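Coordinates in review
Below, each chain spelled out in residue letters.
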Amino acid sequence: MEIKKKLGEMLREENLITEEQLRQALLEQKNSGLKLGQHLVKSNVIREQDIVNLLSRQLKIDKYSPYNYPLDVHLSSLIPIDFAQKNQVCPLRRKGRLVTVAMTDPLDISVLDALEMITNAEVEPVVASERDVEQLINSVYSAQSGITSFM
C-alpha cells in the first residue's frame, strides 16, 4: 500500500470537494476534534461511502464487504476491545502471520504500527465505513463476551 497524499488532496483531485470546502473543513475540523473525513461527512459535504470508495481506489486496498469477510469471533483475542473502539478497527481474518483489519482510516500509520505490535503480525488494512466498523466490533466482541460468560 502506497501512501503519498493526504485525504483532503485526494478528495480535491477527484473533484469530490472544492478548494474552498477543503480550506473551511480544515479550519473547522481542528475545533471539532474529528478527523477530516469524519468532519466532512458530519457536515454533509460528502458521503462516507464516497470516501471509502476513494480510499479503496487510490490506495489499492479492498473495501469491507461482509460477503468477503465472514464473522470470526475468535479474532477478538487479537486486538483489545478498547483499542478497537478507540481507533475504529476490527480484525477480519488471520492467515499465518498476516492479519486483515477493517479500519475507517487506513492512512493512520500510527494505528497500523500499533496493530502490528499488538498482533505481532503484519497488518493488511481494509477500508470500511464507520457504521460497518462499529457493527463489526459489536458483533465480534459481543459474541466473544457472550461465549466467555456462558463458559
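Residues numbered from 1 in each chain as written. Predicted model: local features only at pLDDT ≥ 70, side-chain atom pairs only at ≥ 80, totals over all residues. Heavy atoms only, no water.

**Considering the environment of isoleucine 61**
In this fold, isoleucine 61 is placed in the loop between helix H4 (48-59) and helix H5 (81-87). Measuring from C-alpha to C-alpha, the distance between isoleucine 61 and glutamine 85 comes to 22 Å, with 24 residues separating the pair along the chain. (Helix = DSSP H or I, 4+ residues; strand = E, 2+ residues; numbered from the N terminus.)

**Observations regarding the packing of aromatic side chains**
Considering all chains together, one arrives at 1 aromatic pair under this definition. Ring geometry for tyrosine 64 and tyrosine 69: centres 6.3 Å apart, planes at 20°, overall stacked. According to the relative accessible area criterion, tyrosine 64 is buried, its value standing at 15%. (Phe/Tyr/Trp six-rings, centres within 6.5 Å; stacked < 30°, edge-to-face > 60°. Buried < 20%, exposed > 50% of the residue type's maximum accessible area, 1.4 Å probe, protein only.)

**Some thoughts on H4**
Helix length check: H4, at 12 residues, gives a terminal C-alpha distance of 16 Å against a target of 16 Å (1.5 Å per residue), a fit within 8%. Those residues of H4 that fall on the buried side of the exposure criterion are Ile51, Val52, Leu54, Leu55, Ser56 and Leu59. Packing partners of the buried residues in H4 comprise helix H1 (7-13), helix H3 (36-42) and strand S3 (122-127). Positive backbone phi, at 55°, marks lysine 60, one or two positions downstream of H4. (Expected span 1.5 Å × (residues − 1). Contact = heavy atoms within 4.5 Å.)

**A look at the pattern of salt bridges**
Tallied over the entire structure, the rule returns 7 salt bridges. The salt bridge involving aspartate 50 is made with arginine 47; its shortest N-O contact spans 2.9 Å. Classification of arginine 47 as exposed rests on a relative accessible area of 53%. Salt bridges here are not isolated pairs; linked through shared partners, they connect Arg12, Glu19, Glu20 and Arg23. (Salt bridge = Lys/Arg side-chain N within 4 Å of Asp/Glu carboxyl O.)

**A look at the nonpolar core**
With 26 residues, the main nonpolar core has Tyr64, Ile79, Val89, Leu92, Val101, Leu115 and Tyr141 as its most contacted residues. Residue assignment for this core shows that the elements contributing at least two residues are H5, strand S1 (89-95), strand S2 (98-103), helix H6 (109-119), S3 and helix H7 (130-150). In terms of residue count, the dominant contributor to this core is H7 (5 residues). Excluding residues within four positions of it along the chain, valine 89 makes contact with Phe83, Ala84, Val101, Ala102, Met103, Val111, Leu115, Val133 and Ile137. (Core = buried A, V, L, I, M, F, W, Y, C linked by side-chain atoms within 4.5 Å.)

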